[in-house]
Amino acid sequence: MKIVIVGDGKVGQALTGRLAEEGHDVVVIDSSPKALRTSVEIHDVMGVNGNGASYAVQKEAGVGEADLLIAATSGDELNLLCCMLAKKLGARHTIARVRNPDYADQLVLMKEELGLSMTVNPELAAAREIARMLRFPSALKLDSFARGQVELVEIKVKADSPLLGQALYALSSRLGIRILICAVRRGEEVYIPTGDFVLQEGDKITITASPSELDIYRHKIHRVMVVGGGRIAYYLAKQLLRLGMSVKIIEQDAARCEQLSEALPKAHIILGDGTERELLEEEGIADMDALVAVTGM
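What you see is a predicted model; the values in this text were computed from it and never measured.

S.K.: Whenever I open this one, the environment of Val63 confuses me. Can you help?
M.R.: Along the chain, Val63 falls in the loop between helix H3 (55-60) and strand S4 (68-71). Setting aside residues no more than four positions away along its own chain, Val63 makes contact with Val4, Gln58, Leu69, Ala86, Leu89, Gly90 and Ala91.

Here's what the structure looks like:
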């Protein structure tokens, strides 16, 4: 594939290296000659110096013949503009990195109008992953499919588990849940179980089910403290509040605390340094089910 990457920062360089290794024809656009020179020398790709939202620069980079343009600069608006122009020039697909929470919801509605094949929000993705772990902290592995409607989970059957001693065929009627146990790992052996298979303590089972069906045997988290009030904290708090959890955010920037208080009226926003022991004890760290550190350091 011919792929054009706009933005040669950390994300752009990582993409360039991975895609070049896979044998794609990669062109990098960036306004910094020094950054471009590094990528060209290390990854043996073509570099074009200039503004990625410029018609002339995109034409020079061959965007019109590209299979994919990825806009990964630090500016959301610039990324969107790059993708719109690329689509007009004839690029088959476009991907924009968009991080601002103000755009998160409306991009779903405006995706086609903006000519976007996909948007990527690193902070939102990180928040979703953390939220999934908090929803099911006892899982050994956890993967979501169909936009979170189905989950594939590996758990260990413990002594207090309602699954212990149950034959698989009886789970639906006795426990009132609809799950599919795909595999059971017992010691060094792996089984593809039939309905007569009886679960024992220590079994590691892989389950497919909807998130609601997993509530029966997950340890619920009710209180979460978040240290750091950046974008990840905002996205995470929104998701945890929707799940009915109590969320307390500690942030040391007063202006940011005011913004969070307005955006998250149901969360408790604390102005202070989350590394101070006295503050953590005062805010009830001992009573929290989980602490999440998402500062910039």
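S.K.: What is the right way to read unusual backbone geometry from this model?
M.R.: Backbone phi values are negative for most residues with the exception of glycine, while trans is the configuration of most peptide bonds. With phi around 55°, Asp44 is a residue other than glycine that occupies positive phi space. On the secondary structure map, Asp44 appears in the loop between helix H2 (33-43) and strand S3 (46-49).

S.K.: So what exactly am I meant to see when it comes to the sheet that holds strand S5 (residues 93-97) here?
M.R.: Strands in a sheet are paired, the pairing made by backbone hydrogen bonds, and the direction either parallel or antiparallel. An order of S3-S2-S1-S4-S5-S6 is seen for the six strands of this open sheet, with the pairing classed as parallel. One side of each edge strand has no neighbouring strand; the edge strands of this open sheet are S3 and strand S6 (118-120). Each neighbouring strand pair of the sheet contributes to a mean axis angle of 20°, computed without reference to strand direction. Of the strand pairs in this sheet, strand S2 (residues 25-30) and S3 are connected by four bridges, and their pairing is parallel. Residue Asp30 lies in a different strand from S3, and its bridge partner there is Asn49. Across the sheet, helix H1 (residues 10-21) is in contact with strand S1 (2-6), S2, S4 and S5; its angle to S1 comes to roughly 165°. Each of S2 and S3 touches H2; the most contacted strand, S3, lies at about 175° to it.

S.K.: Would you mind showing me how to read the side chain of Ser39 here?
M.R.: Position of Ser39 relative to the elements: it lies in helix H2. Ser39 sits in the buried class, given a relative accessible area of 2%. A distance of 2.8 Å separates the side chain of Ser39 from the side chain of Asp8, its partner in a polar contact. When residues no more than four places from it in sequence are discounted, the contact partners of Ser39 are Asp8, Gln13, Asp44 and Val45.

S.K.: Looking at this structure, I do not really get the packing of helix H7 (residues 122-135) against helix H9 (residues 231-242). What am I missing?
M.R.: When two helices pack together, their arrangement is captured by the angle between the axes and the distance separating the axes. Where H7 contacts H9, the two axes come as close as 8 Å, and the packing angle between them is 45°. Between H7 and H9, the interaxial angle falls into the category oblique. When the axes of H7 and H9 are compared, the crossing they make is right-handed. Listed contacts from H9 to Glu123, Leu124, Ala126, Ala127, Arg128, Ile130, Ala131 and Leu134 of H7 are Arg231, Ile232, Tyr235, Leu236, Gln239 and Leu240.

S.K.: So what exactly am I meant to see when it comes to a nonpolar patch on the surface here?
M.R.: Residues Val108, Leu109 and Met110 make up a contiguous nonpolar surface patch of roughly 330 Å² in combined accessible area. Position of Val108 relative to the elements: it lies in helix H6 (residues 106-110). For Val108, a relative accessible area of 65% puts it in the exposed group.

S.K.: In this structure, what is going on with the sheet that holds strand S15 (residues 290-293)? I would like to understand it.
M.R.: Pairing is parallel across the open sheet formed by four strands, whose spatial order is S14-S13-S12-S15. With partners counted over all chains shown, the strands left at the sheet margins are strand S14 (268-271) and S15, one partner each. Strand after strand, the sheet turns through a mean of 20° between neighbouring axes, direction not considered. In the sheet, strand S12 (residues 223-227) pairs with strand S13 (residues 246-251) via five bridges, with the strands oriented parallel. Looking at S13, one finds that Val227 is bridged to Ile250. The sheet contacts of H9 involve S12, S13 and S15, and relative to S13 the element is tilted by about 165°. Along the sheet, helix H10 (residues 254-263) contacts S13 and S14; its crossing angle with S14, the most-contacted strand, is approximately 175°.

Procedures and definitions
- Residues numbered from 1 in each chain as written.
- Predicted model: local features only at pLDDT ≥ 70, side-chain atom pairs only at ≥ 80, totals over all residues.
- Heavy atoms only, no water.
- Helix = DSSP H or I, 4+ residues; strand = E, 2+ residues; numbered from the N terminus.
- Contact = heavy atoms within 4.5 Å.
- Pairing = 2+ DSSP bridges.
- Axes fitted to C-alpha atoms, helices over the stretch in contact; angles between N-to-C directions.
- Buried < 20%, exposed > 50% of the residue type's maximum accessible area, 1.4 Å probe, protein only.
- Polar contact = N/O pair within 3.5 Å; in protein donor to acceptor, adjacent residues only side chain to side chain.
- Parallel < 35°, antiparallel > 145°, perpendicular 65-115°, else oblique.
- Left-handed = near helix turned anticlockwise from the far one by under 90°.
- Patch = residues over 30% accessible without salt bridge, like charges linked within 9 Å, V, L, I, M, F, W, Y side chains within 5 Å.
- Areas by Shrake-Rupley, 256 points an atom, 1.4 Å probe, with all protein chains shown as cover.
- Salt bridge = Lys/Arg side-chain N within 4 Å of Asp/Glu carboxyl O.

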